[in-house]
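Descriptive structure summary
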Amino acid sequence: MKTLITHSFKLTEPQKSQLASLGLEITYQHDTAEQPEQFELVICYDLFSNNDLSQFSSLKYIQLTSVGVDHLPLAEIERRGILLRNARGVSSVPIAEFVLGGVLQIYKKANQF
């Protein structure tokens, strides 16, 4: 499967090897895709702000590195039956820690120090 990974997502060498072992033919490019019609899978953040989705004629799957999807052409993705996945849950622990830290600051009256 021809796969485009944009520069916004960094992989280690072992991760690259693991993806290649799954049969993915990986191309790494910046957020402007060259020959977009060849890709069946993209792993990206904001690829479609600089690229027209219609140019990705073979696209079957989009994996976002973000949680939000509001920056995507969702109607076109749905119309074409492209499978879309986001990074849901990736921030759950850091957000919980942030909230707990805020509660502790209030409880301990940290603003008075």
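Keep in mind it's a predicted model, so treat the numbers as computed, not measured.

Before going further, it helps to examine the nonpolar core. Within the largest apolar cluster, 15 residues are counted, with the highest numbers of intra-cluster contacts made by Val42, Leu47, Phe48, Phe56, Leu59 and Ile62. Breaking this core down by element, the ones donating at least two residues are strand E3 (41-44), helix H2 (47-50) and strand E4 (61-64). Residues within four places of Ile62 in sequence aside, it is in contact with Val42, Cys44, Phe48, Ile77, Ile82, Leu83, Leu84 and Arg85. Grouped together as the second largest cluster of nonpolar side chains are six residues, Ile5, Leu11, Leu41 and Ile43 included.

Turning next to the pattern of salt bridges. Inspection of every chain in the model, using the stated rule, returns four salt bridges. Across the salt bridge formed by Lys2 and Glu25, the nearest N and O atoms sit 3.0 Å from each other. Here Lys2 is found in strand E1 (residues 2-6), whereas its partner Glu25 is found in strand E2 (residues 25-29), with 23 residues between them in sequence. A relative accessible area of 28% means that Lys2 is categorised as partly exposed. A relative accessible area of 46% means that Glu25 is categorised as partly exposed. Here Glu13 ties to Lys16 by a salt bridge, and the two come within 3.3 Å at their closest N and O atoms. A residue pair is termed a helical-turn pair when its members lie 3 or 4 positions apart in one helix, as Glu13 and Lys16 do in helix H1 (residues 13-21) at three residues. Judged by its relative accessible area of 53%, Glu13 is exposed. The class of Lys16 is partly exposed, set by a relative accessible area of 27%.

So, how was this worked out
Residues numbered from 1 in each chain as written. Predicted model: local features only at pLDDT ≥ 70, side-chain atom pairs only at ≥ 80, totals over all residues. Heavy atoms only, no water. Core = buried A, V, L, I, M, F, W, Y, C linked by side-chain atoms within 4.5 Å. Buried < 20%, exposed > 50% of the residue type's maximum accessible area, 1.4 Å probe, protein only. Helix = DSSP H or I, 4+ residues; strand = E, 2+ residues; numbered from the N terminus. Contact = heavy atoms within 4.5 Å. Salt bridge = Lys/Arg side-chain N within 4 Å of Asp/Glu carboxyl O.

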